[in-house]
Amino acid sequence: MKRTLGTCYYPEHWPRDVWEEDARRMVEAGLTWVRIGEFAWSRIEPEPERFDWGWLDDAISVLGEAGLKVVLGTPTATPPRWMIDRHPDMLAVDRDGRPRKFGSRRHYCFSHEGYRAECARIVKLLAERYGANPAIAAWQTDNEYGCHDTTISYSDAARRGFRGWLEARYGTVAALNEAWGNVFWSMDYQRFDQIDLPNLTVTEANPAHSMDFRRFASDQVVSFNRLQTEIIRRHSDAPVAHNYMGRVTDFDHFKVGDDLEIASWDSYPLGFLEDRGGADSAHQRAYMRQGDPDFQAFHHDLYRAVGRGRWWVMEQQPGPVNWAPYNPNPLPGMVRLWTWEAFAHGAEAVCYFRWRQAPFAQEQMHAGLLRPDSADAPAIEEARAVAKELSEAEDIAPAGAPVALIFDYEAEWAWEIQPHGAGLSYFDLVLAHYRALRRAGLSVDIVPPAAEIPASARMVLAPGLMHMDAALKERLARSGARVLIGPRSGARTLNMATPVPLPPDLPEMDVLVSRVESLRPDMPMPLAGGGCVTGYREEIETAAVSLLELEDGTPVAVRQGRTIYMGGWGDAKALDRLVSLMAAEAGVPVTPMPEGVRLRETATERFWFNYGANSAECPAGELPPAGVLREIKAT
Ligand code: GAL
């Protein structure tokens, strides 16, 4: 396969007379793709039912004639102002019951039937008009579902939808009362139309109620997206993608992904380091111009799973962004490194956001490949370098990884609903395990909870999976791999109740969590031999072999057969110890990484990346800061 580059372009932002020159310069820079249209609704339909297609026809033909392939976005993330006049109640409503306002973007509630009908209407018009246009080589639905905290809405439309969703799930209100445990605090209902959304309750709502609401909210995103894909497919054979975000977990991306040919995501390494990587300030200082060494790779692996192998970076940070607390310039070379890292993880394409920096409105401080005056910005040189390297190098040969890490969106919601200790997050727990694997130089495949364990996996990690059905426990037990389970794995039923027999209730393992506690973050419990348990700890009853113990000999991690149960949140050192124990037993060779260096293996190569601020020695040679090395594996 030919790996390709692209950019995000807004012809409606620029005078008509620069389009040809822009397109020519994109091609000259080695770009293949240009994504357009995703925010253009007010210029396609300036007034209800009055259309101006001329400029878009023209833009697509200019770009197509220049030899570019167009990704056409549906404009549904930015309903125009007149839409609010038509549907005043279409705005999403926040937890405090306040409607969110017009004046930026994503100001819609996924449950609003009237807005859904408007989306179906505009998508149909776009698909009919451009579905057979040879320049349109892919589609993008909407833009970043869930970004700006927009999945969950407490609107009247959501309330209506939720009641119907509950009725379909439970059939009778008696079954719902039983499933939720509504006898507690006299919360029994007599009719579905009495059930409200779980906000503005006096104290915490029933966790079963909250969990079903989260499932409902996620399903609304799935059906909203499906509405669009079904229409597009009636008129076009081009693949359909969506651009997901970093660390947005409010909907089940695997389920949305089932309706798309390609998963893509928007990678902003420096922005994420500052605003969502969960890093402390020393780490932020060390990586301020490079980004976190694991955050991008984690999402590459996650979205490869969401796309069932087919995935892109739809937006790649090209310079400083505008939206994080601090927005430094990247170290020279990082744009190239980020791009190559995506390819090493299997990306088909990487597109830079955006072509030219906008001299107006919200994102003036966001770099592009060009400056606002159209001169080259620094990133375009790095994009050209990658384009040249791509044209000269062998293609990347994907390979199954020796390690599988299970990621479950429902587990994230369960931890959010019942964290047990302030700040405890499933996402952080999984990322902590991923980091430990990467510090050991291991390549990882992320696996959805309902999927088969990949045949290549000799180690499987399943931390924090609050609900594990019997089938998943069985799949893990018969995978033949070394398996790490816990903490909190299997701790809740589907309805957020404590199962009896007590968790984790694993076939082939004699271990029971008898009591749990959360810990102040400044009161970790040291382990004998190094590392500690921090934030959350379980007391376990077991006959299994102890692998990690507190200093007084209390077991923390235990092993029976091929399975390890970990009864607590291990810090980095504890997880490093666990990973190296598991890898040794699984016969998976580890390569401890120098600070800031990361490794990704394909079938034929080892890719080395240096996120550190200093040169590093790695087995493939000297790696300067922002350096990338491709090492052919011995056969
Ligand atoms: C993304 C978004 C783009 C742009 C970009 C700025 O989240 O999809 O439209 O806003 O961020 O970094």
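As the structure is a prediction and not an experimental result, all values here were calculated from the model. (Residues numbered from 1 in each chain as written. Predicted model: local features only at pLDDT ≥ 70, side-chain atom pairs only at ≥ 80, totals over all residues. Heavy atoms only, no water.)

A. The nonpolar core, seen in detail. Residues Trp139, Phe298, Met459 and Leu476 are the most contacted members of the largest nonpolar core, which totals 175 residues. Sorting elements by how many residues they give to this core places helix α16 (residues 426-439) first, with nine residues. With near-sequence residues (within four places) excluded, Leu476 lies in contact with Ile406, Ile453, Val460, Ala462, Met468, Val483 and Ile485. Ile152, Phe162, Trp165 and Tyr189 belong to the second largest nonpolar core, which has 19 residues in total. (Core = buried A, V, L, I, M, F, W, Y, C linked by side-chain atoms within 4.5 Å. Buried < 20%, exposed > 50% of the residue type's maximum accessible area, 1.4 Å probe, protein only. Helix = DSSP H or I, 4+ residues; strand = E, 2+ residues; numbered from the N terminus. Contact = heavy atoms within 4.5 Å.)

B. Region of the structure containing the site of the ligand. Near the ligand you find Phe39, Arg105, Asn143, Glu144, Met245, Asp266, Tyr268, Glu315, Trp323, Phe353, Glu363 and His366, and these make up its full shell. For the ligand, an oxygen atom lies 2.3 Å from a polar atom in the side chain of Glu363. Between an oxygen atom of the ligand and a side-chain N or O atom of His366, the distance comes to 2.7 Å. In isolation the ligand has 310 Å² of accessible area, and contact with the protein removes 98% of it. Within the shell around the ligand, the residues separate by chemical class into five nonpolar, two polar and five charged. (Near = heavy atom within 4 Å. Polar contact = N/O pair within 3.5 Å; in protein donor to acceptor, adjacent residues only side chain to side chain. Areas by Shrake-Rupley, 256 points an atom, 1.4 Å probe, with all protein chains shown as cover. Nonpolar A, V, L, I, M, F, W, Y, C, P; charged D, E, K, R; others polar.)

C. Region of the structure containing the pairing of strand β21 (residues 605-610). Of all six residues in β21, five are buried, a share of seventy percent or more. Examined bridge by bridge, strand β20 (residues 597-601) and β21 share five bridges and lie antiparallel to one another. If you follow Val597 over to β21, its bridge partner there is Asn610. Between β20 and β21, which pair antiparallel in sequence order, lie three residues. Direction of pairing for β21 relative to strand β24 (residues 628-632): antiparallel, over a ladder of five bridges. Considered in β24, the bridge of Trp608 is made with Leu629. (Pairing = 2+ DSSP bridges.)

D. Molecular detail of the environment of Ala393. Positionally, Ala393 belongs in the loop between α14 (378-392) and β9 (403-406). Once the C-alpha coordinates of Ala393 and Arg630 are considered, the two residues, 237 residues apart in sequence, prove to be 10.0 Å apart.

E. Structural context of the sheet that holds β9. Ordered by their spatial adjacency, seven strands build an open sheet running β10-β9-β11-β12-β18-β17-β16, and the pairing between neighbours is mixed. Edge positions in the sheet fall to β10 (444-447) and β16 (545-549), since each has one partner strand and no second. Within the sheet, the average angular offset between the axes of one strand and its neighbour, ignoring direction, is 20 degrees. Of the strand pairs in this sheet, β16 and strand β17 (residues 555-560) are connected by four bridges, and their pairing is antiparallel. Bridging from a neighbouring strand, Glu549 pairs with Pro555 of β17. (Axes fitted to C-alpha atoms, helices over the stretch in contact; angles between N-to-C directions.)

F. Seen up close, the environment of Ala367. As for its placement among the helices and strands, Ala367 is situated in the loop between β8 (349-352) and α14. Of the residues examined, Ala367 reaches a relative accessible area of 11% and is grouped as buried. Separated by 280 residues in the primary sequence, Ala367 and His87 place their C-alpha atoms 35 Å from one another. Residue contacts for Ala367: discarding those within four places in its chain leaves Pro318, Gly319, Pro320, Phe353, Arg354 and Gln357.

G. Representation of the sheet that holds strand β1 (residues 4-8) in the model. If you walk around this closed barrel you meet the eight strands as β1-β2-β3-β4-β5-β6-β7-β8, and the pairing is parallel. Neighbour-to-neighbour, the strand axes of this sheet turn through a mean angle of 30 degrees, independent of strand direction. Relative to strand β2 (residues 33-36), β1 runs parallel, the two being bridged by three bridges. Each bridged residue has a counterpart across the sheet, and for Thr7 the counterpart in β2 is Val34.

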